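# Per-entry structural report
The primary structure of each chain is shown beneath.
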Amino acid sequence: MKKIYPDAATALDGLLFDGMHLCVGGFGLCGIPERLIDAMQASGVKDLTIASNNAGIDNEGLGKLLRSKQVKKMISSYVGENKEFERQYLSGELEVEFCPQGTLAERCRAGGAGIPGFYTKTGVGTQVAEGKEVKNFDGEDYILERGIFADLCLIKGWKADKAGNLIFRKTARNFNAPMATAGKICVAEVEEIVEIGELDPDAIHLPSIYVKRLIDGSPYDKKIEFRMTRERETAS
């Protein structure tokens, strides 16, 4: 089966439709599938429901899809750095389902494992619990959270072999691994594709069975959300 595609647009060909549900890996601008996001924007697909830790920042990452009004709903944990997200939400243009970060990761992991729902204490007694089933176990209340299973997963890795076995680098591992399993099809972009056998089997973070399509998106410009410096002190 063909797994390696020449570019993001080709890798997404035949997979996109209006109103689809996506899981997208990354954390801020770290480990985001930026080539695939750009191809999504260029495709014009709309009314998207996207589960992702956040929505990038203005005009970067998923912020691009927000800016072009292609997103109908976000299922996210942290959205504090995106002014367009804030504007659309407060104006009623964007539906938002806030989800605690650990719960979001577990919802995606559960979806990928075929688990339709699970109980957690996180969010009990808060707005997160509104409208959700509450069950008592051993004198403690827990809320029912549904697993997430999407039409398409987009992730970013560091290295992959030609079979699609994949390694993430440092914090870019973040949400990419659980997101990769939580959908019908996973498309991955990586910084380098190597021959089968070049990757240490014990170092594989995501087995090839989860990766249906793969692109080499290099070269990448390592973007920084906040560049913080301090004035150089004069030597005494």
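Residues numbered from 1 in each chain as written. Predicted model: local features only at pLDDT ≥ 70, side-chain atom pairs only at ≥ 80, totals over all residues. Heavy atoms only, no water.

Moving on, we come to the overall build of the protein chain. Tallying secondary structure elements over the protein chain gives six helices and 13 strands in all. A compact globule built from 236 residues should have a C-alpha radius of gyration of about 18 Å, and the protein chain, at 19 Å, falls within 12% of that. Taken along its principal axes, the extent of the C-alpha atoms in the protein chain is 60 × 55 × 45 Å. With 236 residues in all, the protein chain has 44% of them scored as buried. Partitioning the contacts of the protein chain with sequence separation of at least 6, the portion at a separation of at least 24 is 71%. (Helix = DSSP H or I, 4+ residues; strand = E, 2+ residues; numbered from the N terminus. Rg over C-alpha atoms; globule rule 2.2 N^0.38 Å. Buried < 20%, exposed > 50% of the residue type's maximum accessible area, 1.4 Å probe, protein only. Contact = heavy atoms within 4.5 Å.)

For the coordinates displayed, the defined rule picks out three aromatic pairs. Relative to Phe137, the ring of Tyr119 has its centre 5.3 Å away and its plane inclined at 65 degrees; by these criteria the two rings are edge-to-face. On the criterion of sequence distance, the pair formed by Tyr119 in strand E5 (residues 117-120) and Phe137 in strand E6 (residues 134-137) is long-range, its members being 18 residues apart. The interplanar angle of 80 degrees and the centroid separation of 5.5 Å between the aromatic rings of Phe137 and Tyr142 together place this pair among those described as edge-to-face. Judged by its relative accessible area of 32%, Phe137 falls in the partly exposed class. An aromatic cluster of at least three residues, connected via ring pairs, comprises Tyr119, Phe137 and Tyr142. One residue, Lys2, lies across the ring of Tyr5, its end atom 4.6 Å from the ring centre. (Phe/Tyr/Trp six-rings, centres within 6.5 Å; stacked < 30°, edge-to-face > 60°. Lys NZ or Arg CZ within 6 Å of the ring centre and 35° of its normal.)

Of note, Thr103 is situated in helix H5 (residues 101-112). Look past the residues within four positions of Thr103 in its chain and what remains in contact with it is Phe118, Thr120, Thr122 and Glu145.

Read from one edge of the open sheet, three strands run E10-E9-E12, paired in mixed fashion. Two strands in the sheet have a free side with no partner beyond their single neighbour: strand E10 (166-167) and strand E12 (192-194). The sheet contact formed by strand E9 (residues 159-161) and E10 spans two bridges and is antiparallel. Paired with Lys159 across the two strands is Ile167, which belongs to E10. (Pairing = 2+ DSSP bridges.)

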